[in-house]
Amino acid sequence: MHRTLLIAVLCIFSCAITGCVESSFTLANESRLPSCLALPPGLARKDVSVTLNLYAAVRGPDAKFMVKDKKGKKLEVLSGYATFLLRGIELMPYREHANMEQDGMPVALFYVY
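All values derive from a computational prediction rather than experimental measurement. (Residues numbered from 1 in each chain as written. Predicted model: local features only at pLDDT ≥ 70, side-chain atom pairs only at ≥ 80, totals over all residues. Heavy atoms only, no water.)

*Asks:* Would you explain empty space enclosed by the protein in this entry?
*Replies:* A probe matching the size of a water molecule, rolled over the atoms, marks out where space remains unfilled. In total, this model carries one cavity of 30 Å³ or more according to the counting rule given. Quantified by volume, the largest cavity comes out at close to 40 Å³. Taken together, Leu33, Leu37, Ala38, Leu39, Pro40, Val67, Leu75 and Glu76 make up the lining of the largest cavity. Counted by class, the lining of the largest cavity contains seven nonpolar, no polar and one charged residues. (1 Å grid on protein atoms, 1.4 Å probe; cavity = no way out; pocket = protein on both sides within 12 Å on 5 of 7 lines; lining within 4 Å. Points joined across faces, edges and corners; volume = space filled by probe spheres on them. Nonpolar A, V, L, I, M, F, W, Y, C, P; charged D, E, K, R; others polar.)

*Asks:* What should I look at first to understand the nonpolar core in this one?
*Replies:* If you look at soluble globular proteins, the nonpolar side chains tend to sit buried side by side. One finds Val50, Leu52, Leu54, Phe65 and Phe110 to be the most contacted residues of the largest nonpolar core, which totals 18 residues. Listing elements by their share of this core, those giving two or more residues are strand 1 (20–27), strand 2 (48–56), strand 3 (63–69), helix 2 (82–85) and strand 8 (109–112). Top element by residues in this core is strand 2. It accounts for four residues. Ranked by size, the runner-up nonpolar core spans five residues in total, among them Met92, Met100, Val107 and Leu109. (Core = buried A, V, L, I, M, F, W, Y, C linked by side-chain atoms within 4.5 Å. Buried < 20%, exposed > 50% of the residue type's maximum accessible area, 1.4 Å probe, protein only. Helix = DSSP H or I, 4+ residues; strand = E, 2+ residues; numbered from the N terminus.)

The structure is reproduced here in structure tokens:
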């Protein structure tokens, strides 16, 4: 009982500090990288996936880009404020049957233009 309560309290406090994820978007395979991200040497755009998480932040950054390789290893994480990070980015909420699948998974996509 005490252990379960401790875990619940830790989860609540971590959300209070960082905020809760409001929405998550995946960079479309055919899109270029946002200018604020750079690939590690030896990797091409096709070798990585990029996720954009938007947070209901109590304080601090409210957006986070996460770059992973094909094996799921985190290569880079960039946090900031959405008003700055999202310039030149088009977010597309998930719409069923609207070509919103990537690598066989339904996703909400974003594009960099």
